[in-house]
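Understanding the architecture of this molecule
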Amino acid sequence: RAGRARIAGSRGGLAMHCWVAVLLAHALAFARAPLRVAPRTSRAAPRLATTAVDRLNVARELMEKLRANPPPEVHIRPLDGRASPPFAHSTPSSRAPQESRDYDPEESARIFATQPMKVLRRQLELALPFCAFVLSVAVDRVLGVEKQNRPKRAAALLAFISGCGPAVIKAGQALSTRSDLLPSEYLAELQRLQDDVPPFPSELAYEVLRSELGVEPSELFAYISEEPIAAASLGQVYKAIRRSTHEPLAVKVQRPGSLEIVALDLHILRGISGVLNTLIKAMKRDLDVVGIIDDFGQLLYAELDYTKEAAHAQRFAELYARPSDRIGAPRVFPELTTRRVLVESWVDGVRITDKKALARWGLESDELVQTLVRCSLRQMLDDGFFHADPHAGNLLVTADGTLTYIDFGMVSYVTREQRLGLIESIVHLVNRDFELLANLYKELGFIPRSEPTGPIVQALEAALPDALDAPVSELNLKNVFAGLGNVMFEFPFALPPFYTAVIRCLGVLEGVALQADAKFPVIRAAYPFVAAKLLTDPSPRLQQALLDLLRKRSSKQGGASHLTRLVGILEHALGYTDPLTLTENLAQIYLIPEHAPLVRELMDQAVDMLDYLASRAPELVDGALDTARAGETVEDAELRRTALAVQSAVRGTRDVLGELLSGQPAAHSRAQRLARALLAEPMGQQFVLDFGLKLGERATVRSAGVLLNWPEEQLNRHYRKKPTAAGEQEGEAAAKGAPRR
């Protein structure tokens, strides 16, 4: 009785005793010493536990008794006050359909306070292997071999989590993107986590259908498959045919007891948050572990509520499912959907990674992957509501080439400010401006405002050159995330949930893209979308990011000029928006007094480029402009690259130019309005006049040089002047709103 009283005492004392006992138990297990059972003082009750080992022995004896004689199931009372069925082996046919339930940790604590043995049993199931893992890592650190043994310990952590049930598996999947908490070796292992489990018996699934829908399944379905088509940790899917309309359906049934198991594991995780806080503080992190667990609990409870998944599917269809974009989503049947049953239209399709099936239908993997990337970017950066788990099993392609998303249990949201921050971070990464990137991380709350950014900038420069020195078309997200992850683990980063959801989504997205097309780089398709956002979004933040990108002269790109960078971004953005819209937005950005020096710089570079094209007119006509001349100077090489970029951009405007030349009224009207607007601005008038005069002067002098046989080098030295340091400072001051000298 004394031992039972100690175990059933306060929750704080119980947790402390259990964790101390578990650590000692692991030490004994590591030494391969048998665990002796403490002697009893009488046959009726164990002797008083005076040490941690004694308390563990008492708990072991109680667990053996529980296994031999399990107690009757305990009924809980949910928030609405109605009696709820037992947790485990209840009869589904006796249940009434349950209403939607949200995660409430306080209610869970009240429920499980009446079931200490169930909590203790599950605590020991989780704690023993976890403490074995923690102690092994601690021993590695003491011996100075922690880094060398990371791969082995990461594999052990993966094996432990894989056998711990749906809640812990989902938590492990969430941890796989937390580069601020775990080193890259652990992240790589956890990304292999799968929640594939054997299906539960179909008889239980039919009982859930009968309980939730209130009628026999045969009254609603003319046919339902005997075995599930797909199974996961939280539910499984059957194919059915609706009796009233003969429509093929996908019927998703939740695994019995899933909510109760998840609730218990979340309660235990929350109870040991103090231990987790200590571990995280030892890593010099300042995180609210309770808040993280509660956020995770809300997401997991939402995934267990199929009425919410149905609402997500309907919202996704409203936002993105358009035949013109070849994006689809299954139709939801709300009248047949409850918290534990989801009924949707059946999708006849194949996985986006099934190349043979796609080839039989005459579909190209490359086009489908581009459709996938565009839709995913639109979800994250345009609307902010996105499918957070776009793996190959959730992406089906139908015979007409429509890419259909399924399984909306995991979705996430990104606010407009967060979307702007993501776009800015992409710009700074491509621009290699790690100082601005570190400052942006501070603004977004990723690092404390008191943290100096100098060491972080140096770490970013050291970690990312291999990933970012390649051209944009060859960048690899995996390399970028790995480099960023190493920095985030080294410094006190605290990643918000939206960022980890985006990173997970992008990582899964690149994995699917590479499975479908091994040579497809995701950033090649993503960068044009970001470029279009930079050139068309009215946000002052993005406009300033665009100007920072254009003003940055990169030695890695041979000193790319302002004009070259602008034309390159325009060339990428033309795939997402038309030239007239781009021109209108650029005019709004540039035609303000503060940006006058930038416009003059662009004008001078444009005149130099046109003058260069005039000097290479024969090669331009023959299409040999991409061939460098013998003895080509650095300045000529830059002008040739700019001219080639302009040629490529002009090809992207063929449709609009064709409409203008063919006299299309709509195109003519827009072009006229744009021209009037530009010429109505005093700055526009002045720059058009200056541009014409400079170009005319250059043409006159070049013609005279040809007649007088002047050397080409003399003309180039006379006209092509590099901007002085003072001029660059003037441009930067003007961009910041400082008065010009």
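Since the model is a prediction, treat every value here as computed from it, not as a measurement.

Parameters and conventions
Residues numbered from 1 in each chain as written. Predicted model: local features only at pLDDT ≥ 70, side-chain atom pairs only at ≥ 80, totals over all residues. Heavy atoms only, no water. Helix = DSSP H or I, 4+ residues; strand = E, 2+ residues; numbered from the N terminus. Buried < 20%, exposed > 50% of the residue type's maximum accessible area, 1.4 Å probe, protein only. Contact = heavy atoms within 4.5 Å. Areas by Shrake-Rupley, 256 points an atom, 1.4 Å probe, with all protein chains shown as cover. Expected span 1.5 Å × (residues − 1). Core = buried A, V, L, I, M, F, W, Y, C linked by side-chain atoms within 4.5 Å. pLDDT = per-residue confidence, 0-100. Disulfide = S-S within 2.5 Å. Phe/Tyr/Trp six-rings, centres within 6.5 Å; stacked < 30°, edge-to-face > 60°. Lys NZ or Arg CZ within 6 Å of the ring centre and 35° of its normal. Pairing = 2+ DSSP bridges. Arc of directions from axis to C-beta. Axes fitted to C-alpha atoms, helices over the stretch in contact; angles between N-to-C directions. Parallel < 35°, antiparallel > 145°, perpendicular 65-115°, else oblique. Nonpolar A, V, L, I, M, F, W, Y, C, P; charged D, E, K, R; others polar.

Assigned secondary structure in the chain consists of 34 helices and 11 strands. With 741 residues in all, the chain has 49% of them scored as buried. A separation of at least 24 residues holds for 67% of the contacts in the chain among residues at least 6 apart in sequence. Total accessible area on the chain is roughly 36700 Å²; 56% of this is exposed by carbon and sulfur atoms.

Helical periodicity: at 3.6 residues per turn, an α-helix aligns residues three or four positions apart in one direction. Here helix H27 (residues 596-615) is 20 residues long and its end C-alpha atoms lie 29 Å apart, about the 28 Å a rise of 1.5 Å per residue gives. Burial within H27 is extensive, with 15 of its 20 residues counted as buried.

A word on the nonpolar core. Grouped burial of nonpolar side chains is what soluble globular proteins tend to show. Judged by nonpolar contacts, the single largest core of 111 residues is most densely connected at Tyr405, Tyr441, Phe493, Tyr499 and Tyr590. A per-element tally of this core places helix H22 (residues 497-516) first, with 12 residues. Counting 39 residues, the second-largest nonpolar core is a separate cluster that includes Val119, Phe133, Leu259 and Leu264.

Let's shift gears to the confidence of the model for the chain. Of the residues in the chain, 71% reach a pLDDT of 70 or more, and the chain-wide mean stands at 75. Looking across the chain, the model is least confident in helix H34 (residues 725-735), with a mean pLDDT of 40, and most confident in strand E6 (residues 341-345), with 97. Low pLDDT, under 50, characterises residues 1-53; the stretch is placed with 68 contacts to residues that sit more than four places away or in other chains. When the criterion is pLDDT under 50, residues 722-741 qualifies, and its contacts beyond four places in sequence or with other chains add up to 19 contacts.

With that settled, consider the state of the cysteines. Counted by the stated rule, this structure contains 0 disulfides. Lacking any disulfide linkage, Cys505 is separated from the closest cysteine sulfur, that of Cys375, by 10.0 Å.

Here the distance between the centres and the angle between the planes together describe a pair of aromatic rings. Evaluation of the coordinates by the stated rule reveals 13 aromatic pairs. Ring geometry for Tyr441 against Phe446: centres 5.4 Å apart, planes inclined by 15 degrees, an arrangement best described as stacked. Of the residues examined, Phe446 reaches a relative accessible area of 1% and is grouped as buried. Note that Arg315 overlies the ring of Phe385, its terminal NZ or CZ placed 4.5 Å from the centroid.

The next thing to look at is the sheet that holds strand E9 (residues 395-397). Read across the open sheet, the 4 strands follow the order E5-E10-E9-E7; overall the sheet is mixed. For this open sheet the edge positions go to strand E5 (327-328) and strand E7 (350-351), each flanked by a neighbour on one side alone. As paired strands, E7 and E9 are joined by 2 bridges and run antiparallel to one another. Residue pairing across strands places Arg351 opposite Leu396, the latter belonging to E9.

Our next topic: the side chain of Ser179. In this structure, Ser179 sits in the loop between helix H7 (166-175) and helix H8 (184-190). Judged by its relative accessible area of 8%, Ser179 falls in the buried class. Those residues in contact with Ser179 that sit more than four places away from it in its chain are Leu187, Gly485, Met488, Phe489 and Leu495.

Now for helix H19 (residues 454-463). Turning to H19, its buried residues are Ile456, Val457, Ala459 and Leu460. One face of H19 carries all of its buried residues, which in axial projection span an arc of 165 degrees. In H19, the exposed residues that point more than 90 degrees away from the buried face are Gln458 and Ala462.

Bringing the packing of helix H16 (residues 365-383) against helix H17 (residues 416-431) into the picture now. Two elements in contact, H16 and H17, have axes whose closest approach is 8 Å; the angle formed by their N-to-C orientations is 120 degrees. With respect to H17, the axis of H16 lies oblique. Contact with H16, carried on its side by Met380, Leu381, Asp382 and Asp383, involves Arg419, Leu422 and Ile423 of H17 and no other residues of that element. The residue makeup of the contact of H16 with H17, split by class, is 4 nonpolar, no polar and 3 charged.

One non-glycine residue, Arg326, lies in the positive phi region at around 60 degrees. You can call Arg326 partly exposed: its relative accessible area is 43%. A positive phi angle, close to 60 degrees, is found at Asp407, a residue other than glycine. Mapped onto the fold, Asp407 is located in the loop between strand E10 (403-405) and strand E11 (411-413).

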